[in-house]
Amino acid sequence: MATIDPSRFRSTLLSIVRYGFGRTMEQATKVDIFNSVCFAVREHIIDRKIETEKRYADNDVKRMHYISMEFLTGPLLANNLINLGIYDECRTIVNDIGLDFDDLIEFEPDPALGNGGLGRLAACFLDSLASMGMPGFGYGINYDYGLFHQSIIGGYQHERPDFWYNKSSPWLMRMSGEKAMVPVFGRIEDSEDMVGEYNPMWVEWKLIVGRPHDIAVVGYGGKTVNRLRLFSAWASEDFDIQIFNEGDYYRALEDKIRFENISKILYPSDSRDSGKELRLVQEYFLVACAVHDIVSIYLNQHDSFDMFHEKVAIQLNDTHPALTVAELMRVLIDLHFVEWDDAWQITTRTLGYTNHTLMPEALETWPMHIFKKVIPRHLQIIQEIDRRFMSMIKEKYPDDPEKPRRMSIVIDNNGEKNIRMAHLAIVGSHSVNGVAAIHSELVKTRLVPDFYDLWPEKFNNKTNGVTPRRWILRANPLLAQLVCDTIGDGWILDLGRLRELEAHCKETAFLERLLMIKRKNKVRLASIIKETTYIEVDPESIFDIHAKRLHEYKRQLLNAMNIIHIYFQIRDDNIIPSVPRTFIFGGKAAPGYFMAKLVIRFIHGLAEIINKDSKANEWLKVVFIPDYRVSLAEKMIPGADVSEQISTAGMEASGTGNMKFAMNGAITIGTLDGANIEIAGEVGEENIYIFGHKVDEIESLRREHDADRFLNSSPALKRVMDAVRSDIFCPDEPGIFKPLYDSIVHGGDYYCHMADFQSYTDAHSRLANDYMDRHNWAVKSLLNIARTGKFSSDRTIKEYAEEIWKIKSQI
Ligand code: 9GP
């Protein structure tokens, strides 16, 4: 752990305010002060970063590079201070200067360079790699605009741009002199070289410059500081000189702006962008910059590619960076003159691919004509990879004429050729993994069974995890203190040790302390709810939280249906609930996703009516906290009694929110989906509320769907669905919720809201009854904390490191 010299820290801080920002302390703005504090903290980070890099270089270690279009780091000041071990000292010094440390911590904007779970997972992985002293680095894009800010106007989601580093970016270090030159566009000129061999030339390309910016990733204990390298796109200074010389100043600038747009904005959807040229250019830009950097680092210490796969591992985070397969081949073949077969060996031995979804609309395919326009040389390489792969398949399976069509990378869809990125990633990698046990099975058996049949040894599972440094130590300091007081601090780097807490599950005083901590976290959350929504909620009620991206498969609508059910029980059936409940939602909908946005409006409709109904509102409240993001999650999760993880079985690859809630003592109500299954296996079935149909029942449910049968056999469901269709929850905008009703009743109910309704409401009743027994509930909560050690991202990273990357800790 680092130590901090108060007088030195103070004088560094004052001198940064003065000489960095040109102000006295009295004149300095909050932005100046925040930046100065971060710069003063950077002093403790940079030396360690340089020392770490030297350690890696001296030992010529194998490095792992994690390429991801998203890194959802969340605010960094608190996390860095905690990992350096100087949080409390820094707090005292800053407060002693007369500043408000807690206020500064809250002031930091969220770098929202990701949509949700995929990007947050990448950030957790970087924390674990550094905390375990492993040489693992991130590569991503330095988007000017992160995920939009969400505000709610009249119950509707509105999106506002997030120019996240407008106010400050003290963690971003521009690494001048290390740029990557990325060719794009142009065409292929076929030619023969002097010995008459085919020698394709990529000509008339334009150059984009990738400028790296590093964010230091401080490992817990401060011994290792790795980096996340984010690239910004710039137009090359000389590419437009010819146009410029011809006097067409505007055209010259037009191209410049067009290129610099590449890193302008993060696509705010998690599945629907396939087909958009800018998105492909972004993916290519990232991959090309990363490969350039990785190869340069390798060549600094080696003069041939013989050792490449022994010194370099690259992990593709979903199909988004799948072009790495083609780019690494191009760099090896075209720039370093490696023979095709050798280049292919190097590529496949180096790359691993993680699949994060089974949803067909999220599995990228690109029209070939866009490839031809944007990256013609890569298209050629992909076609050659496919040609060789297809001839192998035809030879191996002569009796199955359909195999080539099912497995090819390039597919002809009614005359239009498309590139299937998942197939490219699988063919070009030595490892393919899913992110939870059930998901990995479904990848093998349902998503790509032909590939599993061909290469069973490539397929494996790596159940996701989350970092306890951010999700317990930072987010829930009271709980962290209790754990440290009880079992010491070994759990921070070895989360399995939380099991030692089980020994205290019969101690009333301990359980009382646990309940008191939960209550304090609920009070903190209640005040955030008051500030952001003006709604007053009662910390004595059950805080039931559904926080994640809005998506039909995540079934916020099912949650809403249960709320209506409880509401009608109170209002019309005079059934007084056993305990008051507050249903709390948070999450953003992709701007173009009509149904998800309508669900947000629906939840607000419910809140509007229920919260004002004096017969119901002392028992039931509904709240939607706007602008869900990492910093808000840090406050919502510790305040949850109940965690809603209710996706349609088979549709959530893993989930990671489910892990964060459970390790903070919330009890899950969930389906047998994604990592819920493993959470249930760890915490025990009496400490989780499982409901709903299982994966293998869903397909036949869909096939045999009969809305009338459901409605006629359940008056409760019918009453709820009638309410969805009616204008009870939208008196001023009649008819707006009809599409929700139609999708369920007339649209085949693809997400099985009706089929799971009964078991969901039953599970909720059980849960509410159990909550009344405070002692028992505290035991459940404790056992959730104690038994979720498996879900540390340290465990996940250890598995990746040992089984796929073959990298080692260097401390
Ligand atoms: O939807 C999955 C989510 O279940 C998983 O936890 C997360 C991290 O593995 O990835 C999400 N997938 C995507 O965001 C897009 O593939």
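Procedures and definitions
Residues numbered from 1 in each chain as written. Predicted model: local features only at pLDDT ≥ 70, side-chain atom pairs only at ≥ 80, totals over all residues. Helix = DSSP H or I, 4+ residues; strand = E, 2+ residues; numbered from the N terminus. Rg over C-alpha atoms; globule rule 2.2 N^0.38 Å. Contact = placed C-beta atoms within 7 Å. Domains from an automatic or database assignment. Nonpolar A, V, L, I, M, F, W, Y, C, P; charged D, E, K, R; others polar. UniProt positions renumbered as here; feature names shortened; annotations may be inferred. Pairing = 2+ DSSP bridges. Near = placed C-beta within 6 Å. Buried ≥ 20, exposed ≤ 12 C-beta atoms within 10 Å, placed from the backbone. Axes fitted to C-alpha atoms, helices over the stretch in contact; angles between N-to-C directions. Parallel < 35°, antiparallel > 145°, perpendicular 65-115°, else oblique. Core = buried A, V, L, I, M, F, W, Y, C linked by C-beta atoms within 7 Å.

Student: Please provide a residue-by-residue account of the overall build of the chain, values included.
Tutor: Secondary structure summary: the chain contains 33 helices and 23 strands in total. Relative to the globule expectation of 28 Å for 811 residues, the C-alpha radius of gyration of the chain, 27 Å, shows essentially globular dimensions. For the C-alpha atoms alone, the extent of the chain along its principal axes is close to 90 × 75 × 60 Å. Long-range contacts, defined here as pairs at least 24 residues apart, represent 75% of the contacts in the chain between residues at least 6 apart.

Student: Mind laying out the domain arrangement of the chain, listing which residues take part and the relevant values?
Tutor: On domain assignment, one finds that the chain holds domain 1 (64-71 + 120-138 + 179-208 + 231-463 + 798-805) and domain 2 (538-774). For domain 1 versus domain 2, the distance between C-alpha centres works out to 39 Å. Each side of the interface is counted separately: domain 1 has 18 residues, and domain 2 has 15 residues. Elements with a minimum of two residues in the side of domain 1 that touches domain 2: α6 (117-131) and α17 (437-447). Of the residues forming the side of domain 1 that touches domain 2, the biggest block, four residues, is contributed by α17. Taken together, the residues of the side of domain 1 that touches domain 2 sort by class into nine nonpolar, six polar and three charged.

Student: Let's hear about the UniProt feature "modified residue: N6-(pyridoxal phosphate)lysine" (unreviewed entry) in the chain: which residues, and what values?
Tutor: Here, the residues flagged by UniProt with the feature "modified residue: N6-(pyridoxal phosphate)lysine" (unreviewed entry) are Lys660. Within the secondary structure layout, lysine 660 lies in helix α25 (residues 657-663).

Student: Describe the sheet that holds strand β23 (residues 689-690), with residues and values.
Tutor: Within the open sheet, the six strands sit side by side as β20-β19-β18-β21-β22-β23. Their pairing is parallel. Pairing within the sheet leaves two strands with one partner each, and these edge strands are β20 (620-624) and β23. In the sheet, strand β18 (residues 542-547) pairs with strand β19 (residues 581-586) via six bridges, with the strands oriented parallel. What sits directly across from alanine 547, in β19, is glycine 586.

Student: Explain the site of the ligand residue by residue, including any values.
Tutor: Looking at the ligand, there are 17 residues lining it, with Gly117, Leu118, His356, Thr357 and Ala653 nearest. A per-class count over the shell around the ligand returns five nonpolar, nine polar and three charged. Each of domain 1 (64-71 + 120-138 + 179-208 + 231-463 + 798-805) and domain 2 (538-774) gives at least three residues to the shell around the ligand.

Student: So what's going on with unusual backbone geometry? Which residues, and what values?
Tutor: With a phi close to 60°, glutamate 204 is a non-glycine residue in the positive phi region. With respect to the helices and strands, glutamate 204 occurs in the loop between β8 (201-203) and β9 (206-218). When the 12 C-beta atoms within 10 Å are taken as the criterion, glutamate 204 is described as exposed.

Student: Please provide a residue-by-residue account of the packing of α6 against helix α33 (residues 793-805), values included.
Tutor: Remark: α6 packs on α33, axes separated minimally by 9 Å, with the N-to-C direction vectors making an angle of 75°. In terms of orientation, α6 and α33 fall into the roughly perpendicular class. Note on element contacts: α33 touches α6 through Ser793, Asp794 and Ile797, opposite Cys124, Phe125, Asp127, Ser128, Leu129 and Ser131. Looking at the contact of α6 with α33 residue by residue, the class counts come to four nonpolar, three polar and two charged.

Student: Tell me about the nonpolar core, residues and numbers included.
Tutor: Phe285, Leu286, Ile603 and Leu606 are the most contacted members of the largest nonpolar core, which totals 235 residues. When residues of this core are assigned to domains, at least three map to each of domain 1 (64-71 + 120-138 + 179-208 + 231-463 + 798-805) and domain 2 (538-774). Non-local contacts of phenylalanine 285, meaning those with residues more than four positions away in its chain, are made with Val182, Ile208, Gly210, Ala233 and Ile262.

Student: Would you mind going over the packing of helix α29 (residues 715-725) against helix α30 (residues 738-746) in detail, with residue names and values included?
Tutor: At their nearest, the axes of α29 and α30 sit 7 Å apart, and the two run at 140° to each other. Taken together, the axis directions place α29 and α30 in an arrangement best described as oblique. Taken together, the residues of α30 that come into contact with α29 (itself represented by Met721, Val724 and Arg725) are Lys738, Leu740, Tyr741, Ile744 and Val745. Across the contact of α29 with α30, the residue classes tally to six nonpolar, no polar and two charged.

Student: Provide a residue-level description of the pairing of strand β11 (residues 312-317), including the pertinent values.
Tutor: The element β11 is largely enclosed, with a buried count of six among its six residues. In β11, alternate side chains face the same way, and those of Val312, Ile314 and Leu316 on one face and Ala313, Gln315 and Asn317 on the other are all buried. Here five bridges tie strand β1 (residues 63-67) to β11, and the two strands are oriented parallel to one another. In the sheet register, isoleucine 67 faces β11, and the bridge partner there is leucine 316. The pairing of β11 with strand β12 (residues 351-354) spans four bridges and is classified as parallel. Bridge assignment links isoleucine 314 to a residue of β12, and that residue is leucine 351.

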